Amino acid sequence: MSEKFILVGKSLKEIEEFMLNNEQSKFRAKQIYNWLYLKSVKDIDSMTDLSLSTRELLKQKTELCSISIKEKQISKDGTMKFLFELKDGNFAEAVLMRFDNRANLTACISTQVGCPMGCSFCATAKLGFVRNLDTDEIIQQIFLIQADTGLKVTNIVYMGQGEPLLNFDNLINSIKIFREQFQVGARRITVSTCGIIPQINKLAELDFQSTLAISLHAPNQEKRAEIMPVAKKYKFDELISTLKKYTEKTGRRVTVEYVLMKDVNDSLNDAKELALSILKLKSNVNLIVYNQNEKSPYKKPTKEAIQKFKYILEASGKKVTIRLERGADIDAACGQLSSKMKK
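This is a predicted model, so every value here is computed, not measured.

Participant: Please explain the packing of helix H6 (residues 197-205) against helix H9 (residues 236-250) as it appears in this structure.
Facilitator: Working note: a packed helix pair is described by the angle between its axes plus the distance between those axes. Where H6 contacts H9, the axes come no closer than 9 Å and their chain directions differ by 10°. Relative to H9, the element H6 lies roughly parallel. The residues of H9 that touch H6, namely those facing Ile197, Ile200, Asn201, Leu203, Ala204 and Glu205, are Glu238, Leu239, Thr242, Leu243, Tyr246, Lys249 and Thr250. Among the residues forming the contact of H6 with H9, the class breakdown is seven nonpolar, three polar and three charged.

Participant: Explain the sheet that holds strand S9 (residues 155-158) here, please?
Facilitator: Strand pairing in a sheet relies on backbone hydrogen bonds, with the paired strands running either antiparallel or parallel. Sheet architecture is open: ten strands sit in the order S3-S4-S5-S6-S9-S10-S11-S12-S13-S14, paired in mixed fashion. Whereas interior strands pair on both sides, the edge strands pair on one side only; in this sheet they are strand S3 (68-74) and strand S14 (320-323). Each adjacent strand pair in this sheet contributes to an overall mean axis angle of 20°, direction not counted. Sheet topology places strand S10 (residues 189-193) next to strand S11 (residues 211-215); four bridges connect them, and they run parallel. When the bridges of S11 are listed, Ser192 appears paired with Ala213.

Participant: Would you take a moment to explain the environment of Pro116 for this structure?
Facilitator: Take Pro116: it is sitting in the loop between strand S7 (112-114) and strand S8 (129-132). C-alpha of Pro116 to C-alpha of Gln161: the two residues are 45 residues apart in sequence and 10.0 Å apart in space. Leave out the neighbours within four places in its chain, and Pro116 touches Phe129 and Leu166.

Participant: Mind showing me how you'd approach the pattern of salt bridges here?
Facilitator: Charged atoms that come close allow side chains of opposite charge to pair. Tallied over the entire structure, the rule returns 14 salt bridges. Ionic pairing is found between Asp134 and Lys87, a salt bridge with its closest N-O pair at 3.5 Å. Here Asp134 is found in the loop between S8 and helix H4 (135-149), whereas its partner Lys87 is found in the loop between strand S4 (80-85) and strand S5 (91-98), with 47 residues between them in sequence. On the accessibility criterion, Asp134 (27% relative accessible area) is partly exposed. A residue is classified by how much of its surface remains accessible, and Lys87, at 58% relative accessible area, is exposed. A salt bridge links Lys308 to Glu304; its shortest N-O distance comes to 3.1 Å.

Participant: Explain the pairing of S5 to me, please; I cannot follow it from the model alone.
Facilitator: Along a regular strand, successive side chains alternate from one face of the sheet to the other. With seven of eight residues buried, S5 lies mostly within the body of the structure. Where S4 and S5 come together, six bridges link them in antiparallel fashion. In the strand pairing of S5, Met80 is matched with Leu96. Sheet topology note: the S5/strand S6 (residues 105-108) ladder contains four bridges and is antiparallel.

Participant: Please clarify how unusual backbone geometry should be interpreted in this entry.
Facilitator: Among all residues save glycine, negative phi is the norm, and among peptide bonds the norm is trans. Of note in the backbone geometry, Glu23 takes a positive phi value of approximately 60° without being a glycine. Here Glu23 lies in the loop between helix H1 (12-21) and helix H2 (26-37). The class for Glu23 is exposed, based on a relative accessible area of 75%. Backbone geometry at Asp263 places phi at a positive 60°, although glycine is not the residue there.

What counts, and at which threshold
- Residues numbered from 1 in each chain as written.
- Predicted model: local features only at pLDDT ≥ 70, side-chain atom pairs only at ≥ 80, totals over all residues.
- Heavy atoms only, no water.
- Axes fitted to C-alpha atoms, helices over the stretch in contact; angles between N-to-C directions.
- Helix = DSSP H or I, 4+ residues; strand = E, 2+ residues; numbered from the N terminus.
- Parallel < 35°, antiparallel > 145°, perpendicular 65-115°, else oblique.
- Contact = heavy atoms within 4.5 Å.
- Nonpolar A, V, L, I, M, F, W, Y, C, P; charged D, E, K, R; others polar.
- Pairing = 2+ DSSP bridges.
- Salt bridge = Lys/Arg side-chain N within 4 Å of Asp/Glu carboxyl O.
- Buried < 20%, exposed > 50% of the residue type's maximum accessible area, 1.4 Å probe, protein only.

Set out below in structure tokens:
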């Protein structure tokens, strides 16, 4: 039995070719395309402007997705955590968030099964690295979230499981599809990286217009290397220098992400050193309060430490936000649901 044609992730041209190869009108492909990308249809029978015979053909020869929702958790703050089962039995995660009752809906999606970066404070790191997600698997996370909730995702952040820049081609392909087919603007897409310098340079050459977020999490090389193994390969000063060149080339400001952990990187000296390190980098800072869990030695900083850290960075001229804690009552941190399922 031949493998079914997976619809979500395909371009209009690819759907047209499939329809023509199955003796169907090319016009029908546009209808299918609209059902997929403008309406996130739940099933083929819901494509009501297609004839019964066309729908029957699609049910026999196609599937909407190659991945499925295995589990969904909903927080009291409205945050939704999705665990997706992949065709090979592995799992990936995504989170849907709404902030301050705004219409914007942000989906945080994965690019890899597990992660090879080994950051000491990250739940996903404990899963190890299994494989990259293909373009379709990245795209289908957004499609299934929209189909399940009936909501339109307006902002996409690549901050789920994995290091996006180590899955570079599928990352770039998926962004193109989100922009062209899901109609999500470039400025509403953010890619977070631990700092893979050669790939940051590649993004600069592409004149990347989405937001680049850098998981810095330390004010200097020594502290960064203690909690992030990537710093042993790509040194702190070299990373900052690369980011300066990136901002000059693209004209885009980068976001510096900094997870605050009590007695690790939240002191006044840490704040002052960080402020000095990024003083000449065209950047905003996003402070993230550590999502504490019983299996981690790291702790959440005090409210006083958070505010003092923020004040010092703002005094240096940076725009600083503190990321709102979302989904604290569910397994919303990257890797938490997958870890449970793996066990």
